[in-house]
2 protein chains.
Amino acid sequence: MKNLKGACIFGQSGGPTSVINASAAGVFTQALKEEYITAVYGAAHGIKGILDEDFYDMSKEDTKQFELLKTTPSSALGSVRYKLKNPDVDDTDYRRILEVFKKYNIRYFFYNGGNDSMDTTNKISKFLQKSGYECNVIGVPKTIDNDLFGTDHCPGYGSASRYVATTLMEIYQDAYVYDTPMITVVEIMGRNAGWLTASAALASYKGSGPDLIYLPEVPFTIEKFLSDVRKIFKKTGKVIVAFSEGCKDADGTYIAEMGAELTKDAFGHAQLGGAAAVLAKKAKEEFGCKVRGIEFSLMQRCGAHIASKTDVDEAFATGQKAVKAAVSGITDHMVAFERETVDGNYKCNLKLVNLSLSANTEKTVPAEWINEEGNFVTDEFIKYALPLIQGDSHPPYVDGLPYFAKLKKVQAGKNK
Amino acid sequence: MKNLKGACIFGQSGGPTSVINASAAGVFTQALKEEYITAVYGAAHGIKGILDEDFYDMSKEDTKQFELLKTTPSSALGSVRYKLKNPDVDDTDYRRILEVFKKYNIRYFFYNGGNDSMDTTNKISKFLQKSGYECNVIGVPKTIDNDLFGTDHCPGYGSASRYVATTLMEIYQDAYVYDTPMITVVEIMGRNAGWLTASAALASYKGSGPDLIYLPEVPFTIEKFLSDVRKIFKKTGKVIVAFSEGCKDADGTYIAEMGAELTKDAFGHAQLGGAAAVLAKKAKEEFGCKVRGIEFSLMQRCGAHIASKTDVDEAFATGQKAVKAAVSGITDHMVAFERETVDGNYKCNLKLVNLSLSANTEKTVPAEWINEEGNFVTDEFIKYALPLIQGDSHPPYVDGLPYFAKLKKVQAGKNK
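The numbering scheme is per chain: residues are counted from 1 as the chain's sequence reads. Chain labels run from A onward and ligand labels from 1 onward, assigned in the order the entries are written. In keeping with the predicted nature of the model, local features appear solely for residues at pLDDT of at least 70, side-chain atom pairs appear and are counted solely at 80 or more, and the whole-chain, interface and lining totals rest on all residues. Working from all heavy atoms in the structure, the side-chain values ignore hydrogens and water.

> Would you mind going over the interface of chain A and chain B with me for this structure?
Accessible area lost upon the coming together of the parts serves often as the stated size of an interface. At the interface, 59 residues of chain A touch 60 residues of chain B. Approximately 5000 Å² of surface area, both sides summed, lies buried where chain A meets chain B, with 58% of it carried by carbon and sulfur atoms. Simply put, the buried area is the total loss of 1.4 Å probe accessible area from both parts when two parts are fitted together. When the buried area of chain A at its contact with chain B is split by residue, Glu170, Tyr178 and Leu401 of chain A rank highest and sum to 14% of it. Between Lys or Arg on one side and Asp or Glu on the other, a salt bridge is scored when a side-chain nitrogen of the former is within 4 Å of a carboxyl oxygen of the latter. With a closest N to O distance of 3.3 Å, lysine 48 of chain A and aspartate 179 of chain B form a salt bridge. Identification of polar contacts relies on pairs of N or O atoms within 3.5 Å, with a donor-acceptor requirement for protein atoms, meaning one able to donate a hydrogen and the other able to accept it, and with residues adjacent in sequence counted only if both atoms are side-chain atoms. Between the two partners, chain A and chain B, sit 29 residue pairs in polar contact (both at pLDDT 80 or more). Broken down by secondary-structure element, the contributors of at least two residues to the side of chain A that touches chain B are helix H6 (157-175), helix H8 (200-205), strand E11 (290-295), helix H11 (299-302), strand E16 (397-398) and strand E17 (401-402) of chain A. Starting at the N terminus, helices and strands are each numbered in turn, a helix being any DSSP run of H or I of at least four residues and a strand any DSSP run of E of at least two. If you tally residues by element for the side of chain A that touches chain B, the top one is H6 of chain A, at 10 residues. In the side of chain A that touches chain B, the residues fall into 26 nonpolar, 19 polar and 14 charged. A contact between two residues is defined here by any heavy atoms of the two lying within 4.5 Å. Each residue receives one of three labels: charged for Asp, Glu, Lys and Arg, nonpolar for Ala, Val, Leu, Ile, Met, Phe, Trp, Tyr, Cys and Pro, and polar for the others, Gly being one of them.

If you want it as structure tokens, here you go:
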């Protein structure tokens, strides 16, 4: 569907990252340059903004703000966790989306998110096709979990990794300060894939990181955990453990479930967290020494002050690429990364993968990158992750504090 | 006691900070220049290293490492929480210290720490005087709690403040991302003084910080907390709360005590933490919405990657000043800061205060800097704190990760 003339709309979806706004900046700056794009809309709270006709005219923004978006964490337009129904069962939302797209002559749809969001994008794309409405749909990947299928890695992952590795290196310095036994257990995000938790190994690679790393890819038992800890504790009296909030036993019971009631999000996924306290309690009972449970909580996904420049630049590029691809007539795809090694140096090429492929398929850490004991990762992982955390990107500082983008958000939807 | 010729020893004590090593660098670089100082020792784990004759010859270190110490968090020599007995009851430790000082002709003693450490320094100083042993003793202040008496502020506080304010600004971005109600409660360190928690107001001053701030200076009740939250929740559906781990009710019961057993450190102080979970649970029960409890845990005191340059420079200067003062014949004092405003600009002058004054006297946030409702701080606090977080100091990055000092630690104590 080449030479489609019409408006474009961009939405942000799912849990925010440090660089989701960098992708937005990439989309907006590119879209505003394209002659076939007649209007550039930013949806408030993703798909919900489209359903509610709640979106902004991005041409009204100061372009300086797009530059600031590159270093502003979280989601400037607002995000959403909204699950579209199976259109074969209930196509109400899809018909509403079509109605809105027709009303505003929206011919380009860009959606930024992870697995669930790519599923949403895919379903909308297929419905529009079936309806015979010409609209080029491109997914823009994003997730600190790094679990999207069909791409070498995901925007957002590098920055979260850099947060995890840097903070663990600092915690290591702190944990070794007293001449007394101590166990530190650090909980890192990642529902079903251990990519982010594995980043803890980057700190160990630098000589000051955790002794043990547990990923959701390996069934977790408290007994094995205590036995692993005991071996190190006996030798040094100091143990640092990094583990994923997604770790579960062979029956699928999360560590966190052993200690607290879980709430569920709109996709039915358990809202995790609290597992650090559970493991800390077990370790305290077993070893009787000082034990500290630490959660990286929201900080790991919004720590823009320690973002990876590589990640920020790549996130921006995915936004640009999505627009260029759509305008060139491509639809029904997601922007993805392909790694190339040139003279031993990392190079990241952009490519496009079919939306159906990336939607809802989770990419986990390869079994061969996890050690035999199931409590650490191999050097292959270090080779993979290290290039992704390179370069220092932080917001401009004013009065010693970050200066974030502030959009005007001029309403363009008629409903508001 | 001018023109004393002999060795000097420096020790680090209490909870580490991002800049305690910067003070060490100040002491070492200055001491190595002084002709009256014949040897420069660094005690392993503070006073414990002196008792055990476990200390390092700092002249054997590469001076490049002293430069790296400025941006290396935590305590490079190792710290300690060891309470000296009242010398009138049991002077064993004091006699041992005197013995070690005599053995190595230690004539200069520098001790870096907070209230408890200044008490230790004071007791040693007085014992040495009483024993007729000539030794110039100078305390070097340090605490993220900022509660040392006799000084405008303390090294370590500015960097921890910058971590708290920056991270809260990021969390604010994240917490506002969904169009659904949410309450976020953030627990910040500070046992009896709310200085660090008050720093959360710097984020609010920048337009993206907490709505409510609770300090230990004001008796805390769950009822008042819930009523404060309700007022904001009704209006916006979003509430961010910053509160001190040291908050307690009128009877002295800590919030954390309402939820978990507390362990105590060597000084008999309760090891706090876990209060965020208690408040999050209460808020969840009351409002039924999504609630997130976050602890800044160790990160707030070791986040050297976001340290304040002002703080790092001042910490270094206190170390230098301690040495210069001691060599000039001064003893029994602590280095302190005096603020001067020159043409509207912040200027920090160094001074000396009597050790007896600063030991064990806690400086809390003035009542007039806390609002009438007891749930926020006034602009006076902003004026006070803002100059302390200025300037960006981070470790050199290698492979995208911090590069920390690594001391050789050549043993100089005969016991090892």
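There is more to say after this.
> Can you walk me through the domain arrangement of chain A in this structure?
Residues and elements named next belong to chain A. The split of the chain into domains comes from an automatic or database domain assignment. The domains assigned to chain A are domain 1 (6-143 + 304-360 + 392-402) and domain 2 (157-301). When each unit is reduced to the centre of its C-alpha atoms, the spacing between domain 1 and domain 2 is 32 Å. Listed as interface residues are 16 residues of domain 1 and, on the opposing side, 12 residues of domain 2. Summed over both partners, the interface of domain 1 with domain 2 comes to about 1300 Å²; 53% of that surface belongs to carbon and sulfur atoms. Area buried by domain 1 at its contact with domain 2 is led by Arg81, Asp116 and Ile306, which between them contribute 44% of it. Linking domain 1 to domain 2 there are one salt bridge. Between arginine 162 and aspartate 392 there is a salt bridge, with its nearest N and O atoms 3.2 Å apart. Seen at the junction of domain 1 and domain 2, the total is six residue pairs in polar contact (both at pLDDT 80 or more). Sorting the residues of the side of domain 1 that touches domain 2 by element identifies strand E12 (307-308) and strand E15 (392-393) as the ones contributing at least two each. Within the side of domain 1 that touches domain 2, the residues separate by chemical class into five nonpolar, six polar and five charged.

> Just to check I follow, could you spell out the sheet that holds strand E4 (residues 106-113) of chain B for this structure?
Within a beta sheet, neighbouring strands are joined by backbone hydrogen bonds and run either parallel or antiparallel to one another. Residue and element names in this part refer to chain B. Strand order in the open sheet formed by seven strands is E3-E2-E1-E4-E5-E13-E14, with mixed pairing between adjacent strands. Each edge of the open sheet is held by one strand with a lone partner, namely strand E3 (55-57) and strand E14 (345-354). Averaged over all pairs of adjacent strands, the angle between strand axes in this sheet comes to 30 degrees, irrespective of strand direction. Criterion used throughout: strands pair if DSSP finds at least two bridges between them. Examined bridge by bridge, strand E2 (residues 37-43) and E3 share three bridges and lie antiparallel to one another. Within E3, the position partnered with glycine 42 by the bridge is tyrosine 56. Against the sheet, helix H5 (residues 115-131) makes contact with E4, strand E5 (136-141) and strand E13 (333-342), and its axis sits at roughly 160 degrees relative to E4, the strand it touches most. Axes here mean lines fitted to C-alpha atoms, for a helix over just the part in contact, with angles spanning 0 to 180 degrees between N-to-C directions.

> Whenever I open this one, the sheet that holds strand E13 (residues 333-342) of chain A confuses me. Can you help?
Residue and element names in this part refer to chain A. One open sheet accounts for seven strands, arranged E3-E2-E1-E4-E5-E13-E14; its pairing is mixed. A single partner strand is all that each edge strand has here, and the edge strands are strand E3 (55-57) and strand E14 (345-354). Along the sheet, successive strands turn relative to each other by an average axial angle of 30 degrees, direction set aside. Pairing of strand E5 (residues 136-141) with E13 involves two bridges; the strand directions are parallel. Of the residues in E13, the one forming a bridge with glycine 139 is methionine 334. Contacting strand E4 (106-113), E5 and E13, helix H5 (residues 115-130) runs over the sheet at an angle of about 160 degrees to E4.

> Hey, could you run me through the relation of the copies chain A and chain B in this one?
Applying a rotation about an axis and a shift along it to one chain copy brings it onto the other copy. The fit set for superposing copies consists of C-alpha atoms from residues with pLDDT of at least 70 in both; the fit itself is least squares. With an RMSD of 0.0 Å, the operation that places chain A on chain B is a rotation of 180 degrees combined with a shift of 0.0 Å along the axis. The transformation just described matches what one would write down for a two-fold rotation axis. Distance from the rotation axis, computed per C-alpha, reaches its smallest value in chain A at glutamate 295 of chain A: 3.7 Å. When the interface residues of chain A are mapped onto chain B, 100% of them again fall at the interface, so both copies present the same face.

> Even after reading the chapter, I still don't get the pairing of strand E8 (residues 238-244) of chain B, so can you show me in this structure?
For a regular strand, side-chain orientation follows a simple rule: the groups alternate between the two sheet faces. All names here are of chain B. Along E8, seven of the seven residues are buried, which leaves the element largely enclosed by surrounding structure. Residues of E8 alternate between two faces, with Lys238, Ile240, Ala242 and Ser244 on one and Val239, Val241 and Phe243 on the opposite face, all of them buried. A crossover gets the label right-handed when its path from the first strand over the helix to the second runs clockwise, viewed with the strands pointing away from the viewer. Viewed along the sheet, the connection from strand E7 (residues 212-214) through helix H9 (residues 222-236) into E8 turns out right-handed. Note on classification: 1.4 Å probe, protein chains only; a residue is buried when its accessible area is under 20% of the maximum for its type, exposed when over 50%, partly exposed between these limits.

> In this structure, what is going on with the pattern of salt bridges? I would like to understand it.
Working definition: two side chains of opposite charge can pair if their charged atoms are close together. Residue and element names in this part refer to chain A. Following the criterion strictly, the structure yields 45 salt bridges over all chains and no others. The closest approach of N and O atoms between lysine 347 and glutamate 340, which form a salt bridge, is 3.7 Å. Of the charged contacts, one joins lysine 383 and glutamate 380 as a salt bridge, the two residues approaching to 3.1 Å between their closest N and O atoms. You can see lysine 383 and its partner glutamate 380 sitting in helix H14 (residues 379-385), three residues apart, about one turn around the helix. On the basis of relative accessibility, which here comes to 56%, the residue lysine 383 falls in the exposed class. Under the relative-accessibility criterion, glutamate 380 is labelled partly exposed at 38%. Several salt bridges share partner residues, and in doing so they unite Glu53, Arg96, Glu99 and Lys103 into one network.

> I tried to follow the packing of aromatic side chains on my own but got confused; where do I start?
When we look at a pair of aromatic rings, we describe it by the centre distance and by the angle of the planes. Residues and elements named next belong to chain A. Within 6.5 Å between ring centres, the rings of Phe, Tyr and Trp (the latter by its six-membered ring) count as paired, and their orientation is classed by plane angle as stacked under 30 degrees, edge-to-face over 60, tilted in between. Across all of its chains, the model carries 36 aromatic pairs over all chains by this definition. Judged by centre distance (6.0 Å) and plane angle (90 degrees), the rings of tryptophan 195 and tryptophan 369 are edge-to-face. Remark: tryptophan 369 occurs in the loop between helix H13 (355-358) and H14 and tryptophan 195 occurs in helix H7 (residues 195-198); sequence separation between them is 174 residues. Tryptophan 369 matches tryptophan 195 in its accessibility class, with the two residues each being buried. Here, a charge over a ring is recorded when the distance from Lys NZ or Arg CZ to the ring centre is within 6 Å and its angle to the ring normal is within 35 degrees. Across the ring face of tyrosine 36, the terminal group of lysine 5 is positioned such that the distance to the ring centre comes to 5.9 Å.

> Where do I start with the packing of helix H1 (residues 20-31) of chain B against helix H12 (residues 309-327) of chain B in this structure?
Each pair of packed helices gets described by two things: the angle between the helix axes and the distance between those axes. All names here are of chain B. Axis separation between H1 and H12 bottoms out at 7 Å; the angle between their running directions is 40 degrees. The handedness of the crossing between H1 and H12 is right-handed. The residues of H12 that touch H1, namely those facing Ala22, Ser23, Ala25, Gly26, Val27, Thr29, Gln30 and Ala31, are Val312, Ala315, Phe316, Thr318, Gly319, Gln320, Val323 and Lys324. Here the residues of the contact of H1 with H12 are counted per class, giving eight nonpolar, seven polar and one charged. The handedness criterion is simple: a crossing whose near helix is rotated anticlockwise from the far helix by less than a right angle is left-handed, and one whose near helix is rotated clockwise is right-handed.

> Would you take a moment to explain the confidence of the model for chain A for this structure?
The predicted structure's coordinates, where accompanied by low pLDDT, should not be read in detail. Of the residues in chain A, 95% have a pLDDT of 70 or more, and the chain-wide mean is 94. Scored as a complex, the prediction yields pTM 0.96 and ipTM 0.95. What pLDDT expresses is the predictor's confidence in each residue, scored from 0 to 100.

> Just to check I follow, could you spell out the nonpolar core for this structure?
Within soluble globular proteins, side chains that are nonpolar tend to cluster in buried spots. Put simply, buried Ala, Val, Leu, Ile, Met, Phe, Trp, Tyr and Cys residues joined by side-chain atoms within 4.5 Å make one nonpolar core. Counting 90 residues, the largest nonpolar core has Phe296 and Phe381 of chain A together with Phe296 and Phe381 of chain B as the members making the most contacts within it. Per-element tally for this core: the top contributor is H6 of chain A, with 10 residues. Residue contacts for phenylalanine 296 of chain B: discarding those within four places in its chain leaves Met299 of chain A together with Tyr163, Val164, Thr167, Leu168, Ile171, Val186, Glu187 and Ile188 of chain B.

> What is the right way to read the side chain of arginine 301 of chain B from this model?
Position of arginine 301 of chain B relative to the elements: it lies in helix H11 (residues 299-302). Non-local contacts of arginine 301 of chain B, meaning those with residues more than four positions away in its chain, are made with Asp174 of chain A together with Gly15, Pro16, Thr17, Ser18, Ile144 and Met189 of chain B.

> When you look at helix H10 (residues 275-287) of chain B in this model, what are you seeing that I'm missing?
Because the α-helix completes a turn every 3.6 residues, residues three or four places apart line up on one side. Residues and elements named next belong to chain B. Take the residue count of a helix, subtract one, and multiply by 1.5 Å to get its expected span. In a regular helix each residue adds 1.5 Å, so 13 residues correspond to 18 Å; H10 covers 18 Å between its end C-alpha atoms and thus fits that length. Within the span of H10, buried status applies to Ala275, Ala276, Val278, Leu279, Ala280, Ala283 and Phe287. Of the surrounding elements, those touching the buried residues of H10 are strand E6 (182-188), H9, E8 and strand E11 (290-295). Just past H10, the residue glycine 288 takes up positive phi, approximately 70 degrees.

> Explain the side chain of aspartate 54 of chain B here, please?
Residues and elements named next belong to chain B. As for its placement among the helices and strands, aspartate 54 is situated in the loop between helix H2 (47-51) and E3. The class of aspartate 54 is buried, set by a relative accessible area of 13%. For aspartate 54, the side chain forms a polar contact with the side chain of glutamine 411, separated by 2.9 Å.

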